[in-house]
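Structural overview for review
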Amino acid sequence: MDMRQLIGRNVIRIRLKKGLTQEQLAEVSGFSQQYISGLEKGRRNPTIVTIYELALALGVSHMDLVRPDK
């Protein structure tokens, strides 16, 4: 399992569920829209701090970003 792909899919799923655009997530998280885009495409290798900050911005647990798909 590629964790970068998994995290990217989870970020997209949660972001869309919350009704946020990449730009809105970038604004609340402090990351650039380009970084969010790369992350969602599985091209970024986020640190645990990045995962934590994204989870806070999305209003979810950091575990929701690393939980395997069902």
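Above: the structure in question.
Criteria and thresholds
Residues numbered from 1 in each chain as written. Predicted model: local features only at pLDDT ≥ 70, side-chain atom pairs only at ≥ 80, totals over all residues. Heavy atoms only, no water. Helix = DSSP H or I, 4+ residues; strand = E, 2+ residues; numbered from the N terminus. Rg over C-alpha atoms; globule rule 2.2 N^0.38 Å. Buried < 20%, exposed > 50% of the residue type's maximum accessible area, 1.4 Å probe, protein only. Contact = heavy atoms within 4.5 Å. Lys, Arg positive; Asp, Glu negative; His and termini not counted. Charge placed at Lys NZ, Arg CZ, Asp CG, Glu CD.

**Comments concerning the overall build of the protein chain**
Along the protein chain, the regular secondary structure elements total 5 helices and 0 strands. When the helices and strands of the protein chain are read in sequence order from the N terminus, they spell out α-α-α-α-α. For the protein chain, whose C-alpha radius of gyration is 10 Å, the value lies close to the compact-globule estimate of 11 Å for 70 residues. Across its three principal directions, the C-alpha atoms of the protein chain cover 30 × 20 × 20 Å. Across the 70 residues of the protein chain, 36% fall into the buried class. Taking the contacts inside the protein chain whose residues are at least 6 apart along the sequence as the reference set, 58% of them involve residues at least 24 apart. Mean positive and mean negative side-chain charge positions of the protein chain (11 and 7 charges, respectively) differ by 5 Å.

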